[in-house]
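# Structural characterization, general
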Amino acid sequence: AVICGISYRFSRHELKGCINDAKCMRHLLINKFKFSPDSILMLTEETDPYRIPTKQNMRMALYWLVQGCTAGDSLVFHYSGHGSRQRNYNGDEVDGYDETLCPLDFETQGMIVDDEINATIVRPLPHGVKLHSIIDACHSGTVLDLPFLCRMNRLLVPQLLLKGAGQYVWEDHRPRSGLWKGTAGGEAISISGCDDDQTSADTSVSRTSLIIRLAVVALSKITSTGAMTFCFIQAIERSAQGTTYGSLLNSMRTTIRNTGNEGGGIGGSGGVVTTVLSMLLTGGSAIGGLRQEPQLTACQPFDVYAKPFTL
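Cut-offs applied
Residues numbered from 1 in each chain as written. Predicted model: local features only at pLDDT ≥ 70, side-chain atom pairs only at ≥ 80, totals over all residues. Heavy atoms only, no water. Pairing = 2+ DSSP bridges. Helix = DSSP H or I, 4+ residues; strand = E, 2+ residues; numbered from the N terminus. Axes fitted to C-alpha atoms, helices over the stretch in contact; angles between N-to-C directions. Parallel < 35°, antiparallel > 145°, perpendicular 65-115°, else oblique. Left-handed = near helix turned anticlockwise from the far one by under 90°. Contact = heavy atoms within 4.5 Å. Phe/Tyr/Trp six-rings, centres within 6.5 Å; stacked < 30°, edge-to-face > 60°. Buried < 20%, exposed > 50% of the residue type's maximum accessible area, 1.4 Å probe, protein only.

Before going further, it helps to spend a moment on the sheet that holds strand β1 (residues 2-5). One key point about sheets: their strands pair by backbone hydrogen bonds, in either a parallel or an antiparallel sense. Within the open sheet, the 8 strands sit side by side as β2-β1-β3-β7-β10-β13-β8-β9. Their pairing is mixed. At either end of the open sheet lies a strand with only one pairing partner, and these are β2 (41-43) and β9 (168-172). Within the sheet, the average angular offset between the axes of one strand and its neighbour, ignoring direction, is 15°. In this sheet, β2 lies alongside β1 in parallel orientation, the contact comprising 3 bridges. Residue pairing for β2: V2 is matched across the bridge by L41.

The next subject is the packing of helix α6 (residues 227-238) against helix α7 (residues 245-258). Contact pair α6 / α7: the axes reach a minimum separation of 9 Å and the direction vectors enclose 130°. Regarding the angle of α6 to α7, the classification is oblique. When you trace α6 past α7, the crossing you get is right-handed. Contact residues: α6 offers A227, M228, C231, F232, Q234, A235 and I236, while α7 offers L248, S251, M252, T255 and I256.

On to the sheet that holds strand β5 (residues 97-101). The antiparallel open sheet is built from 3 strands, whose spatial order is β4-β5-β6. What marks the edges here is a single partner per strand, and that holds for β4 (83-87) and β6 (112-113). As defined by bridge partners, β5 adjoins β6 across 2 bridges and the pair is classed as antiparallel. When the bridges of β6 are listed, T100 appears paired with V113.

Moving on: the packing of aromatic side chains. Each aromatic ring pair is described using two quantities: the centre-to-centre distance and the angle formed by the ring planes. Under the criterion given, the structure shown has 7 aromatic pairs. Seen in terms of ring centroids, Y168 and Y305 are 5.9 Å apart; in terms of plane orientation they differ by 55°. Their pairing is tilted. Residue Y168 is located in strand β9, and its partner Y305 is located in the segment after β13 (295-298); the two are separated by 137 residues in the primary sequence. Y168 sits in the partly exposed class, given a relative accessible area of 27%. Relative to F302, the ring of Y245 lies with its centre 5.3 Å away and its plane at 65°, an arrangement referred to as edge-to-face. Of this pair, Y245 sits in helix α7 while F302 sits in the segment after β13, and the two are 57 residues apart along the sequence. Judged by relative accessible area, which is 3%, Y245 ranks as buried.

See the structure below:
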């Protein structure tokens, strides 16, 4: 696994929750999904110089993730930081824009474009290898450039959400040029924080109202975490064994919509904080509901209410 959390400290783009996101995700992978600590590469500003999330180090980490993978391997890429987009001129984007991730040094070295991410960690995946990406950033809906986007009904009634039922359609995002954006036989699935056109006007390269700091009091100190990462981990912790991708995404969307709209908010007396998050998040918060919608993309369409989620 590669876990990347960037706070952009001492810059005008500084974020408060991203390193906490990275720590929570590492804890989840080790304790819930039994990943070996030695198999997880952490890129944050708190690590040694070779693991600071610069553009070069992020590129090398993504190459490392897929290098030598064989059938039976499960790969994870988690990113928490700024996302952006830029005009696409070769006609391979449905909306006319390439989605991007913003390394720590993006202002001088540039951003990492979805085409490069796809070429590095998606297209080389051989048969029997599984990749999941969890992207907590703006404009992140199709940041892996996967060929198919699951468009889920936004008007589902609560009763259907509780039953895990719902309507969806797979949108075809394959480039008109015919360029293949899928794998070499493996499986690639991305869960991202919001749609490609969802953003906040907070900064010129904004990470969000999506990750509006879910501030909580922990040991008398203020800390925070990204909304998408929080809701993903909470959905995993609350789900029964064999839960489907559709149920997981609906759970995340419901939590994001309801954040701050229930008594006590996140981490309040309602017991929302999960066992994984409790290592960093304990206390109370009262923040308004969020409107971003987590997205699901994949290399091939599948029945989201029949396929069990597993890392």
